[in-house]
Amino acid sequence: MMPFGLTKAPTAFMYLMNRVFKSYLDKFVVAFIENILIYSKDRDEHTAHLRMVLQSLKEHQLHSEYKKREFWLEEVVFSGHMVSKEGIKVDYKR
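Every value quoted in this text rests on a predicted model; they were computed, and no experiment measured them. (Residues numbered from 1 in each chain as written. Predicted model: local features only at pLDDT ≥ 70, side-chain atom pairs only at ≥ 80, totals over all residues. Heavy atoms only, no water.)

Engineer: Quick question: what am I supposed to make of the packing of aromatic side chains here?
Structural biologist: Think of a pair of aromatic rings as described by two things: how far the centres are apart, and how the planes are tilted against each other in angle. Tallied over the full model, the rule gives one aromatic pair. Aromatic pair Tyr-24 and Phe-28: ring centres 4.9 Å apart, planes at 35°, arrangement tilted. For the pair Tyr-24 and Phe-28, a shared accessibility class is recorded, and that class is buried. Between the NZ or CZ atom of Arg-43 and the centre of the ring of Trp-72, over which it lies, the distance is 4.6 Å. (Phe/Tyr/Trp six-rings, centres within 6.5 Å; stacked < 30°, edge-to-face > 60°. Buried < 20%, exposed > 50% of the residue type's maximum accessible area, 1.4 Å probe, protein only. Lys NZ or Arg CZ within 6 Å of the ring centre and 35° of its normal.)

This is the structure in structure tokens:
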């Protein structure tokens, strides 16, 4: 949560996410605005990645809303694109 009226909230969030996930970015984590995407080759790898990301959030005393979390998705719309094991495509539905 950002303080009300903070005009640079997206910039501040991105700066924080880049610091928190520095060693994971572009390996298995993408953070954009208010979303964190974790991608993996299989379920076992994903479990390990998920644990690392959640541990990083915990270490930095960051929390996310439980109702906004989605786990074990085969495909996901992220920043206007459909991401799946087949690749990345533009999501024309939005």
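From this point, the discussion proceeds with the structure in view.
Engineer: Even after reading the chapter, I still don't get unusual backbone geometry, so can you show me in this structure?
Structural biologist: Both trends apply: most residues other than glycine have a negative phi, and most peptide bonds are in trans. With a phi close to 65°, Asp-26 is a non-glycine residue in the positive phi region. Among the structural elements, Asp-26 can be located in the loop between helix 1 (9-20) and strand 1 (29-32). Although it is not a glycine, Trp-72 adopts a positive phi angle of roughly 60°. If you trace the backbone, Trp-72 turns up in the loop between helix 2 (43-59) and strand 3 (75-78). Residue Trp-72 is classed as partly exposed on the basis of its relative accessible area, which comes to 35%. (Helix = DSSP H or I, 4+ residues; strand = E, 2+ residues; numbered from the N terminus.)

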